[in-house]
Amino acid sequence: MPDAKGFGMALAGENSEVAHPAPADGEPVAHHLAYRPDIEGLRAIAVLTVVAAHLGLPFFRGGFVGVDVFFVISGYLITGILLREFEGPSRPGWLMRFYERRARRLFPAFFTVVLVTMLAATFVLFPSELAGLGRNALAAIFFSSNIYLYANTNYFAPGSDANAFLHTWSLAVEEQFYLFYPPLLFLLCRHARRILPTVLLAVTVGSFVLCVSMTAHSSQAAFYIFVFRAWELAAGACLAFVPRWRRDCRILREALAITGLLLIAASVHFYFSKMGYPGVWASAPVLGAVLIIFSGQQGPTLVSRLLSTLPMVFIGRISYSLYLWHWPIYVLVHLALGRALRLEEQLGLLALSIVVSAASWRFVEQPFRTRARETSSPRWAWAAGAGIAVSGAAALFLIVSGGMPWRFTPEVDRLARYAAYDDVPVYRRGTCFIDSYQEGAEAFDASTCLKIEPGKRNLLLIGDSHAAHVWKALEEGLPETHVLQATASGCKPFLISVGQEGCTAIMELAMRQFLPNHPVDGVIISAEWKAIDKPYLAEVLKYLKTRTPNVYLLGPIVEYNQSLARLLARAEAFGTERPGIAAQSGDARALDADLAAMAAETSVAYLSPYRTICPAPVHCLLDIQSVPIQWDNSHLTAEGAAYVITAFRRQNGFAPVRP
């Protein structure tokens, strides 16, 4: 395989900024941080896995772990750069020089993407969406996108793929690292150099423990917030202090490199969005990156040669631009088309993203780096400030204007606003429906949600958000019945504890503790069912039948590849056909038939939201008196839920179950 060292050294960047002779045996690598083309290749793996996952390409569902690999690389390289800066007498202004280099490296492409995306979004997004994009852009501009998204968006939620700046959370984490880490490292180097590696190792372990603990309580906080991601950057930093082996062992070197590559590959292929990430799961891709970097420090390996090939180094070089550009391109194209992308379209967007990113790297990134000696620091500071001011002003305009509503009719705006539906009063969110990605089981108010009312028929509603969205309709539509509620996101109502810890704790409370000791007149079970759930669902139905004679299973609901509210607004705005079967995702009809058969076998009453909404496969009810029946891709509005529950009641669906 051709070696790309010559090619890579000709390109400016943080990896080539630190090209020095290789370290002697037993000497810390940070003292002689040589150019590493294999690290460019590792960057390529990281960015390509993220891009492939975002585009929905097969076999890459866990590609979000590419960000973890990026964090390890950043920690390693930045530590090496800073330690070289600190060698010898302290030079005044080193911190400002470091920040200037970071700004030259990051700002030009970043502000270009932000401005171009906001401009392009005015042709695609509806007012409420555009105003939301402006808020996220403002947070990204001021390096706090991760905090904004933590408060507003679950990274893995179905509607998150409409946010063109969703991916900026990781840039904010790195920028916060750049802000706090250099001064801390400088102080440790000057006053505690001997224990510096020990301190970094302690930070790695401590942050990892916090990450695992927080993931169980609030995976959304663990995913976005710097403190819980710091261990990944610190793991890379620790590598800068690992000495080269005094005795070379090629077999061990190769084994470590291959193990590292396999850990990353397995994570990319097997990980999925609802597994409770990062937590302990993040250790696999992080360890994989550490092993690849470490083995490459000791000498060449088959993996390092593969990563050092020209194509891999090239993708690694444009990885920053590729990461920035690919997601806005995908989001805006996906929203503009109003349907799921076909495989050839996904590959086409991948190619387009690479071409645009290569141009961005050549004509936006490179000129600002290569002119570093021609532009004084004060002039560069003014230029950076201007970039922040212009981008911030554009974002503020989108927010203050309400997303430029004059582009569409009031009816279009009204329909589109349902995509930001307030489900708090409908779901009893935060009380009887717990978002386990943000809250723990302690937020569940059992005294309110599991209170039995004497003199009424008491039914327990159990499940995830697809149970919570019918609670209000049940309570209001069945006046002779009191509906207890134990619902949470992040798991399914199964007997096995798989999913977010807060969610599984609530399911355990309802099924294992409450039901055996508080007889109710029946249980209604509902969730976002998938074909893979059938064996676990059959098990829980049999268990529930031992606790109450009346068990009601709510089947799947029709799902769309985008928010139904948005699809209806799009049809109204552009005069296109209203969403039909082409806009649907999954095979709810087949699953509905399977679950109906399962219910019959276990003497459980079966209620089908799918058949109620879609009496024929090609004809699905879309709205109720001009209100979308579903507000996102699968959840019912209050009006939609009332329609479904009323239909069930007319069918005598909640009558006592006959054995």
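Scroll up a little and you will see the structure.
Notes on the structure in this doc start here.

What to know about the state of the cysteines
Now for step 1: For the coordinates displayed, the defined rule picks out 3 disulfides.
Now for step 2: A sulfur-sulfur distance of 2.0 Å marks the disulfide that ties Cys-614 to Cys-620. On the sign convention where negative means left-handed, the S-S torsion of about 110° between Cys-614 and Cys-620 marks this disulfide as right-handed. The burial state of Cys-614 is the same as that of Cys-620; both residues are buried.
Now for step 3: In the chain, numbering the disulfide-bonded cysteines from first to last in sequence yields the connectivity 1-2, 3-4, 5-6.
Now for step 4: Free cysteine: Cys-189, not disulfide-bonded; nearest cysteine sulfur from Cys-238 at 13 Å.

Quick notes on the sheet that holds strand S3 (residues 481-489)
Now for step 1: Taking strand neighbours across the sheet as the criterion, the 6 strands line up as S1-S3-S2-S4-S5-S8 in an open arrangement whose pairing is parallel. Two strands bound the open sheet, and with one partner strand each, they are strand S1 (433-435) and strand S8 (605-607). Strand-to-strand twist of the sheet, defined as the mean angle between neighbouring strand axes without regard to direction, takes the value 15°.
Now for step 2: As judged from the 3 bridges shared by strand S5 (residues 551-554) and S8, these two strands associate in the parallel manner. When the sheet's bridge partners are listed, Leu-554 is paired in S8 with Leu-607.

What to know about a nonpolar patch on the surface
Now for step 1: A cluster of nonpolar side chains, Leu-201, Val-205 and Val-209, forms an exposed patch at the surface whose accessible area comes to about 270 Å².
Now for step 2: Turning to its location among the elements, Val-205 is positioned in helix H8 (residues 196-224).

What about the pattern of salt bridges?
Now for step 1: Taken as a whole and assessed by the stated rule, the structure comprises 25 salt bridges.
Now for step 2: Residues Glu-85 and Arg-97 are paired through a salt bridge, measuring 2.9 Å at the closest nitrogen-oxygen approach. Remark: Arg-97 occurs in helix H4 (residues 94-121) and Glu-85 occurs in helix H3 (residues 66-86); sequence separation between them is 12 residues.
Now for step 3: What you see here is one network of salt bridges that share partners, running through Arg-339, Arg-342, Glu-344 and Glu-345.

Cut-off values and rules
Residues numbered from 1 in each chain as written. Predicted model: local features only at pLDDT ≥ 70, side-chain atom pairs only at ≥ 80, totals over all residues. Heavy atoms only, no water. Disulfide = S-S within 2.5 Å. Buried < 20%, exposed > 50% of the residue type's maximum accessible area, 1.4 Å probe, protein only. Pairing = 2+ DSSP bridges. Helix = DSSP H or I, 4+ residues; strand = E, 2+ residues; numbered from the N terminus. Axes fitted to C-alpha atoms, helices over the stretch in contact; angles between N-to-C directions. Patch = residues over 30% accessible without salt bridge, like charges linked within 9 Å, V, L, I, M, F, W, Y side chains within 5 Å. Areas by Shrake-Rupley, 256 points an atom, 1.4 Å probe, with all protein chains shown as cover. Salt bridge = Lys/Arg side-chain N within 4 Å of Asp/Glu carboxyl O.

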